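Structural features, examined
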Amino acid sequence: MTNLPWLTILWAIPVLGAAVIIVLPASSRQFAKYAGVAVSLVVLALSLLLAVRFDPAGGQFQFVENHPWIPSFGTGYILGLDGIALALVVLTAVLVPILLIAGWNDADDRPGLSGRAPHSYIALTLAIEGMVMMSLVALDILLFYVFFEAMLIPMYFLIGGFGGAGRSKAAVKFLLYNLFGGLIMLAAVIGLYVVTSASKAFDAGTFDFRAIADAVATGKFTMSPGIANALFAGFMFAFAVKAPLWPFHRWLPDAAVQATPASAVLMMAVMDKVGTFGMLRYCLPLFPDAATYFRPLIIALAVVGIVYGAVVAIGQTDVMRLIAYTSISHFGFIILGIFVMTSQGQAGSTLYMVNHGISTAALFLIAGFLVSRRGSRLIADYGGVQKVAPILAGTFLVAGLATLSLPGLAPFISEFLVLIGTFTRYPAFAVIASAALVLSAVYILWVYQRMMTGPVADGNDKVRDLRPRELLVVAPLIALLIGLGVYPKIALDVINPAVTATLTSIHQPDPAPKVAEGIRP
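So, a few notes on the structure that sits alongside this text. (Residues numbered from 1 in each chain as written. Predicted model: local features only at pLDDT ≥ 70, side-chain atom pairs only at ≥ 80, totals over all residues. Heavy atoms only, no water.)

In the sheet, strand S1 (residues 62-70) pairs with strand S2 (residues 75-81) via six bridges, with the strands oriented antiparallel. Bridging across to S2, Gln-62 finds its partner in Leu-81. Hairpin connection between S1 and S2: a loop of four residues separates the two successive antiparallel strands, and Gly-74 in this loop has a positive phi of roughly 70°. (Pairing = 2+ DSSP bridges. Helix = DSSP H or I, 4+ residues; strand = E, 2+ residues; numbered from the N terminus.)

Structure, rendered in C-alpha cells:
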C-alpha cells in the first residue's frame with residue numbers, strides 16, 4: 001500500500017472515468033450520470049485517505065513520485081503533496097460530486113451531440129477535476145504548465161456547449177484571456193529553463209521545482225534582477241488572469257453568468273484556485289527577490305480588487321452577476337494574504353481558498369436553483385420568496401452571511417487572518433480592505449431583502465422549496481461552512497507547516513511586534 005502511486009491514481013481516476021463515460025451508448029444517459037457521481041466519490045474517498053495519511057510534521061512534500069519524462073529537456077514526471085496542495089485537493093474532491101448532482105439535469109434539454117449531451121457534460125467535468133488535481137500535485141514546472149493550460153479546453157466546451165444565450169461569446173472571451181496569459185507564462189517557463197541551463201548550480205537545464213527552489217533558497221542559483229523580474233512577471237501575469245486579479249478580471253462575470261451554475265462554480269471555486277495556488281507555489285519560492293520588488297504593486301491591485309468587486313456588486317441588477325463580482329473581491333483578499341508574506345496572511349489566504357470555494361458554491365447554486373424556478377436572473381423580479389420557499393431562503397441567507405464573513409461561519413477566520421497578517425506589514429492597506437466588509441454587508445443584505453422578504457411578487461407564488469436532490473447539494477455545503485467556522489484548526493494544522501516552509505525558503509520572517517515608547521511589558 002505504501003508503494004502505490006497515490007497521486008497518479010488521484011488524477012488518473014477522473015480522467016479515465018471521463019474517457020469511459022464519453023464512449024457509453026447514447027441510451028445510457030442516466031447510467032452516465034450515476035457513473036460520473038460514482039467516479040467523483042471514489043476520488044473523494046482517495047483524497048480523504050491521503051489527508052488521513054498525510055503527516056504535517058513529516059516533511060514538506062509527501063507521497064512523492066519521480067520518474068523520467070523527457071530527460072533531454074530536464075523535465076520529469078514529478079509529483080508531491082504539501083499541506084497547501086492537500087487543502088485544495090480535498091476542496092476539489094468535495095465539490096465535484098456536489099456539482100454533478102447540482103447539474104443533474106443541466107444537459108438533458110441540450111439538442112445535438114446525438115443524444116449524448118449528458119455524457120459530454122459529465123466527462124468534461126471529470127476531465128477538469130483530473131487536470132486540476134494534476135496541477136496541484138505537479139512538482140515539475142513544465143508538467144504543471146501543460147495541465148494548467150489543458151484545463152481551459154474542457155471548460156471552454158462546458159461554457160460554450162451548455163451555457164445560456166450568450167455562451168459562445170463568453171466562452172471565447174474566457175479562452176482568449178486565459179490562453180494569452182498562458183502564452184506569456186510559456187515564454188517565462190522557457191526563459192527559466194535557459195537560465196538554469198547556464199547556471200553552475202545545475203548540470204543541465206531543469207524544470208524540477210524542488211531543485212530550483214532549493215538552489216534559490218540556499219543562494220546556489222541566482223539571477224540578475226532584470227531577468228528575475230521578467231520571469232516573475234510572466235508567471236504572475238498568467239496566474240493573475242486565471243485567479244482573476246483586477247484589472248485582468250473582465251472575462252469572469254460573463255463566463256460565470258453564461259455558464260450553468262454548476263459549471264460556473266467549477267470554474268470559480270475550483271479551477272481559478274490554481275491561479276492563486278500558482279502564485280504561492282511558484283512565484284514566491286522561484287523568484288523571492290522579484291516577488292518582494294513587485295509586492296507593493298500587487299498588494300495595491302489586490303486592495304483595489306477587493307473594493308472594486310464589492311462596489312460593483314452593489315450596483316448589479318442580475319443576481320448571478322452580483323455573486324460573480326463578489327468573487328473578484330474575495331480573490332483580492334486571497335492575493336493580498338499571499339503577498340504580504342506573513343504566516344498569518346498566507347495561512348489565512350490558503351484557508352480562504354477553501355472557504356471561498358464552499359461559500360461561493362453554496363450561494364451560486366442556491367441562486368441557480370431559484371433562477372431555474374422563476375426563469376429570471378433579475379433581482380427586481382423577486383420578492384417574498386421566504387414565504388413560499390422558506391428553506392431555500394434560509395439557506396441562501398446562511399450562504400450570504402458566510403460570503404460577508406459573519407463570525408462563526410468559515411470565511412470569517414480566513415479573512416480575519418489575512419487582515420491581521422496585512423496589518424503587521426501594511427496597516428493602511430489593511431484598513432482599506434477592512435472597509436470592504438461593510439460593503440459586503442450592504443450587497444448581501446440588500447439582495448436578501450429585495451429577493452426574499454416582503455410581499456410575494458407576481459409570478460413568485462408558484463416557486464417551490466428545495467427538492468430532496470437540491471437538499472443533498474446544499475446540506476453538506478452549509479455543514480462545512482458551520483464546521484470550518486467553528487473548528488478551523490483541522491485545516492490550519494495542515495496548512496501552517498507548509499506556509500512556514502514557504503516563508504523560510506524566501507527568507508521572510510514575520511515582522512517583530514512594535515511596542516510604543518514608554519510601555520513596558
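Now, onward.
Under the criterion given, the structure shown has seven salt bridges. Note that Arg-377 is salt-bridged to Asp-318, the shortest N-O span being 2.6 Å. One end of the pair, Arg-377, is in the loop between helix H15 (343-374) and helix H16 (385-388); the other, Asp-318, is in the loop between helix H13 (288-314) and helix H14 (319-339), and 59 residues separate them in sequence. What makes Arg-377 partly exposed here is its relative accessible area of 31%. Judged by its relative accessible area of 9%, Asp-318 falls in the buried class. (Salt bridge = Lys/Arg side-chain N within 4 Å of Asp/Glu carboxyl O. Buried < 20%, exposed > 50% of the residue type's maximum accessible area, 1.4 Å probe, protein only.)

By secondary structure assignment, the location of Thr-422 is in helix H18 (residues 410-423). Among the residues examined, Thr-422 registers a relative accessible area of 0% and is labelled buried. Separated by 80 residues in sequence, Thr-422 and Thr-342 have C-alpha atoms that sit 7.7 Å apart. The residues contacting Thr-422, other than those within four sequence positions of it, are Leu-336, Val-340, Pro-427, Phe-429 and Ala-430. (Contact = heavy atoms within 4.5 Å.)

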